[in-house]
Protein chains: 2
Amino acid sequence: MAKKELFGLCPYVTSQKVLTGKWSLYILYILSQETLRFNELQRRMPEEMTHTTLSRQLKTLEEEGLIVRKEYAQIPPKVEYQLSEIGKKFKKVLDVLGEWGEEYICYLNSQKTDC
Amino acid sequence: MAKKELFGLCPYVTSQKVLTGKWSLYILYILSQETLRFNELQRRMPEEMTHTTLSRQLKTLEEEGLIVRKEYAQIPPKVEYQLSEIGKKFKKVLDVLGEWGEEYICYLNSQKTDC
DNA sequence: CCGGATCCCCGAAGATACTG
DNA sequence: CAGTATCTTCGGGGATCCGG
C-alpha cells in the first residue's frame, strides 16, 4: 500500500483533521448533551474563546458534517445547533475519551504518587 | 463553577491538547501495535512527515507522558519507543475512534447515497 | 542510526469593529 | 440575537543543514 493513500483511508489521520480545532472536542461534548442556540453555547464555553472563534469552529464542524445548523426565520434571529447523525455516533468516542481524560488529569496531578 | 476552572478540570479540553499534534493519533496507533525504533516508526508514517516533525512530536508525547523513550547505550545508537501506562489506557480511545473514523470516511464517500 | 539547531511559512486563533 | 470583516499575532509544521 502506498503511503500517500493513508489520507482518506486511515481513520486516524482522517479523524485527526476533525479534531484540529482547538475547541472542537468541547463543542461536540456540549452539543451531545443538548441542542443549543449560539449565545447559550458561548456561555458554556471557556471565557478565552471569543464568539468569533466559536463562529468559525461551528462553521467548520458544520462543513465537516458533524453538526447541523437550524435557522428559524424570525426576528430576533434564532439559530440552533445540534449533532448530525454521524455526529451522534461520535458520542461513543466522547464517552471513552472523557473517561481517559479524567484518568490522564489524575495522572498529571499525581505524577509520582500513585493515583 | 467558574469558567476558567475548565482548564485542568475538563477532560475534553485537557485531552484536546494531547491531540493537537498533526500526527499524534497516528503515532499513538502505530505504537499501540508494536514497540518501534525511530526509523521503523518513520517508515510507517506518511511520506509528507519529515523526521524533524516526527522527532518533535515524539518528544512532545514523551513530555506529556504518553510514550516512553528507551535508549540503549551502544554504537550505532538504538532507541525504542513504546506506550506508557497512561498511553496504553489510551488504546480504548483509539479503538472507538478508529471505528468512528471508518464510519466517517464512509459518510464522506457517500454524502448522499446511503452507506 | 537518531536525532538537534535554524529558518521560514502558513493557517488557526484572538481582538476589534460593524451589521441584518 | 447571531453572526461577518479585517487585521494581527502566535505556534506548529516543513525544509535544510549539522552532530554524536
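Check the entry above for the structure.
Not measured: the values here are computed from a predicted model.

Next up on the list: the overall build of chain A. Within chain A one finds six helices and three strands. Mapped from its N terminus to its C terminus, chain A presents α and β elements in the order α-α-β-α-α-β-β-α-α. Across the 115 residues in chain A, those meeting the buried criterion constitute 46%. Looking at chain A alone, contacts between residues at least 24 apart form 42% of all its contacts between residues at least 6 apart.

Take the sheet that holds strand E2 (residues 67-72) of chain B next. All names here are of chain B. Taken in spatial order, the three strands of this open sheet run E1-E3-E2, and their pairing is antiparallel. The open sheet terminates on both sides in strands that have one partner only, identified here as strand E1 (36-37) and E2. Pairing between E2 and strand E3 (residues 78-83): six bridges, direction antiparallel. From the neighbouring strand, valine 68 faces E3, where its bridge partner is glutamine 82. Here helix H2 (residues 24-33) sits on the sheet and contacts E1, E2 and E3; the angle it forms with E3, its principal contact strand, is near 100 degrees.

What surrounds DNA strand C is a group of 22 residues, the closest being Lys22 and Thr52 of chain A together with Ser55, Arg69 and Tyr81 of chain B. Here DNA strand C approaches the protein such that, of its atoms within 4 Å, sugar and phosphate make up 62%. Within the side chain of threonine 52 of chain A, a nitrogen or oxygen atom sits 2.8 Å from a base oxygen of DNA strand C. Here serine 55 of chain B contributes a side-chain N or O atom positioned 2.5 Å from a phosphate oxygen of DNA strand C. When residues of the surface near DNA strand C are assigned to their parent elements, the largest contribution, five residues, is made by helix H4 (residues 51-63) of chain A.

Conventions we followed
- Here the residue numbers are simple positions, counted from 1 along each chain's written sequence.
- In the order they appear in the text, chains get letters beginning with A and ligands get numbers beginning with 1.
- The predicted origin of the model limits local features to residues at a pLDDT of at least 70 and limits the giving and counting of side-chain atom pairs to 80 or more, whereas totals for whole chains, interfaces and linings rest on all residues.
- Hydrogen atoms and water are omitted, and side-chain values are computed over all heavy atoms in the structure.
- For the purposes of this entry, the term helix denotes a DSSP run of H or I that reaches at least four residues, the term strand denotes a run of E that reaches at least two, and both are numbered from the N terminus.
- Throughout, exposure labels follow a simple rule: accessible area from a 1.4 Å probe, protein chains only, divided by the maximum for the residue type, with under 20% read as buried, over 50% as exposed, and the rest as partly exposed.
- Residue contacts follow a heavy-atom distance rule, with two residues in contact if any of their heavy atoms lie within 4.5 Å.
- Strands are treated as partners if at least two bridges between them are detected by DSSP.
- Axes, fitted as lines to C-alpha atoms, cover a helix only where it is in contact. Angles between the N-to-C directions of the axes lie from 0 to 180 degrees.
- Near is defined per residue: the residue qualifies when any heavy atom it owns lies within 4 Å of the molecule or strand.
- Polar contact criterion, stated in full: a pair of N or O atoms within 3.5 Å, where within protein one must be able to donate a hydrogen and the other to accept it, and residues adjacent in sequence count only if both atoms are side-chain atoms.

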